[in-house]
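# Descriptive structure summary
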Amino acid sequence: MAKKQLMLLASLMLILSLFLAACTGKDKADEKEPVKTDDKEKETEVEEEEEEEPAEEEAVGINFPLDTTNSEAALEDGEMVYALVSTDPFEGTLNRVFYSGAPDAEVMQFFDESLLAVDGDYLITSDGAASYELSEDNKTITLTIKDGVNWQDGEPVKASDLLYAYELLGHPDYTGNRYTFTISNVEGMPAYHEGTADTISGIEVSEDEKSISITYDVATPSVMSGIWSAPVPRHYIGDVTTGEVSIEDILASNKIRTEPIGFGPYKVAKVVPGESVLYERYDGYWRGKPALKTVVLKVVAPGSVVGALEKGEIDLASVPVDQYDVLKEIQNIELLGQVDTAYTYVGFKLGKWDADKKENVMDPDALLADKRVRQAMWHAMDNEVIGEKMYHGLRFPATTLIIPVFDSFHDADNPGRPYDPEKAKALLDEAGWVDVDGDGIRENAKGEQVVLNFASMEGGDVAEPIANWYIQNWEDVGIKVQLFEGRLHEFNAFYDLIENDDPGVDIYQGAWGTGTDPDPEGLYGKTASYNFSRFISEKNDELLAAGTSEEAFDSEYRKGIYKEWQDLMVEEVPVAPTVYRYELFGVNKRLVNYTIDAANLENKYPWKWGVSQADPVK
């Protein structure tokens, strides 16, 4: 390792040691979606289903429990304090159709839910607020809402409320990120989306408002793991289809910001925008009486969460894994963990989003249009050091864009592009990026001096050192990179830059929460607004379509398609996956009936979570 790298690594470790020392208790003063790169804030997936089953945990030799051990009865009228761990305020768009980031999804989990439940394999079941039947040709699914399922204002949840969600998602004025294949595949949706039809021909609602049938153009296995089943209360937020309100009116309305309703176990009593939410028990919840009387959600900074857990100020928190060595010594909490449905990546800006055509457009003259340069930059990144030194082995080098959690589809034999600076240099030479003037920095193939602008987001204390580590990795192979605007950007501002294709950004470090459907179209398809690199190709379109085709009901066929797709993305490198990750949760020992195990169908829903005593264990 070069001397400069050793000095940088030493500084990384010094920062980490000082940070951890401050969290030991001697000085207690102290979230298919985009996610934080260095803590557990996920950008919600493109779909809104439950989190995916953990992969095998031998990767780092650590086996974490998935369930709390407190077996006492839940207190009749207890209160739980939930920490939303973030350096930034939550945005506060509290509607599943319109929200964009994981923090808002965390807020919504207590007051809203989908009609269909999922099992331990993340396939839909009839155990939720609705049952379902799938036609013999796999093209039509019919949902029937169970009796007693009511919105928190007392109105029944109707089949037309689910229809309304589809009408909003497909509306010509919809500017959100969730018009993906599972929506556009509905029969008649493209015509409705283009404004040439007033209704969606493939959706029918029964006269009694209990059942809704959705017919698809193409039978797809994604219906079993990616169907949209989250309704929207038309009567409450207003009807766009009649002109009562506009999409802009809804986005500005307090009815999805400070006064939202759902049909989940707790209703929103008070929102302090961006800071906290007070929930109260919803006695009309369809499953039964929720265990807690109240839930308090509050934003807690990553640097403060360890102290807050130790002092009993919070009961439950997703905790930064860079603090693992301190967390495992805290006696009043249990530490739960599993491999996460998320990965971090470095993306390369290759084009623009065409808002009129609602599709991605590549720029053949983009600075990083030559894939050999992108391949080289991936080979130049030493991700093993990041995982081992900064995250205690709880992050590990990523190889492909389908995560190990999807064991049937992740290609474990694909090595990706491992750290190999000599290979990186050879690829740059081949691409014509050579050092013309002898200053150690390569000029591009046109002989021009190039400085790449790297956008990365704020987070814990390791965020900037990690960004600087990659900058040093790239400089070691002769590529000059600098932080965009000389600094990190907070979560919402960062994604504004990336989503709006800021011309000053050449590369960026982001993270995705993948959700439970392995279909990557919502993140990398031609019409996916979440495809922030703006990479498109005919082969990419072909493989993504094949992965959700009727033939893909054959799991071996689908596995082969996704193997080919992973090969394609390792070759083209529109984004370079950097690390897969564990997620850790700190749980006060008074919490009962809490699990992160998707297969624990009894306790995975918030209505069962409770506390066994009035005061936190300290």
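Residues numbered from 1 in each chain as written. Predicted model: local features only at pLDDT ≥ 70, side-chain atom pairs only at ≥ 80, totals over all residues. Heavy atoms only, no water.

Attention now moves to the overall build of the protein chain. Helix and strand counts for the protein chain come out as 18 helices and 21 strands. The C-alpha atoms of the protein chain give 24 Å as radius of gyration, which agrees with the globular expectation for 618 residues (25 Å, within 12%). Overall, the C-alpha framework of the protein chain stretches about 75 × 65 × 45 Å when taken along its three principal axes. For the protein chain, the proportion of its 618 residues judged to be buried stands at 61%. As displayed, the protein chain offers around 23100 Å² of accessible surface, 47% of which is attributable to carbon and sulfur atoms. Within the protein chain, one finds 54 positive and 117 negative side-chain charges whose respective centroids are separated by 4 Å. (Helix = DSSP H or I, 4+ residues; strand = E, 2+ residues; numbered from the N terminus. Rg over C-alpha atoms; globule rule 2.2 N^0.38 Å. Buried < 20%, exposed > 50% of the residue type's maximum accessible area, 1.4 Å probe, protein only. Areas by Shrake-Rupley, 256 points an atom, 1.4 Å probe, with all protein chains shown as cover. Lys, Arg positive; Asp, Glu negative; His and termini not counted. Charge placed at Lys NZ, Arg CZ, Asp CG, Glu CD.)

A separate point is the nonpolar core. General note: in soluble globular proteins, nonpolar side chains tend to be found buried as a group. In this structure, Met 377 and Trp 474 are the most contacted members of the largest nonpolar core, which totals 98 residues. Setting aside residues no more than four positions away along its own chain, Met 377 makes contact with Phe 348, Leu 368, Leu 452, Trp 474, Ile 479, Val 481 and Ile 507. The next biggest cluster of nonpolar side chains, apart from the first, holds 56 residues, and it includes Leu 116, Trp 151, Val 157 and Tyr 179. (Core = buried A, V, L, I, M, F, W, Y, C linked by side-chain atoms within 4.5 Å. Contact = heavy atoms within 4.5 Å.)

In a packed pair of helices, the relevant descriptors are the angle between the two axes and the axis-to-axis distance. As a packed pair, helix 11 (residues 371-379) and helix 18 (residues 555-572) sit with axes 8 Å apart at the nearest point and diverge in direction by 95°. As far as their axial angle goes, helix 18 and helix 11 are roughly perpendicular. Of the residues in helix 18, those touching helix 11 at Lys 371, Arg 374, Gln 375 and Trp 378 are Val 570, Glu 571 and Glu 572. Taken together, the residues of the contact of helix 11 with helix 18 break down into 2 nonpolar, 1 polar and 4 charged. (Axes fitted to C-alpha atoms, helices over the stretch in contact; angles between N-to-C directions. Parallel < 35°, antiparallel > 145°, perpendicular 65-115°, else oblique. Nonpolar A, V, L, I, M, F, W, Y, C, P; charged D, E, K, R; others polar.)

The subject of this paragraph is the sheet that holds strand 6 (residues 203-205). Read from one edge to the other, the open sheet built from 4 strands follows the order 4-5-7-6, with strand pairing classed as antiparallel. Two strands bound the open sheet, and with one partner strand each, they are strand 4 (130-134) and strand 6. Neighbouring strand axes in the sheet, compared pairwise and without regard to direction, differ in orientation by 15° on average. Inspection of the sheet shows strand 4 paired to strand 5 (residues 140-145) by 5 bridges, in the antiparallel sense. The residue bridging Leu 134 from the neighbouring strand is Ile 141, located in strand 5. (Pairing = 2+ DSSP bridges.)

Take the side chain of Lys 608 next. Relative to the elements of secondary structure, Lys 608 occurs in the loop between strand 20 (591-592) and strand 21 (610-611). With relative accessibility at 15%, the residue Lys 608 sits in the buried group. Those residues within four positions of Lys 608 in sequence are excluded, and the remaining contacts are Ala 291, Val 592, Asn 593, Glu 602 and Asn 603.

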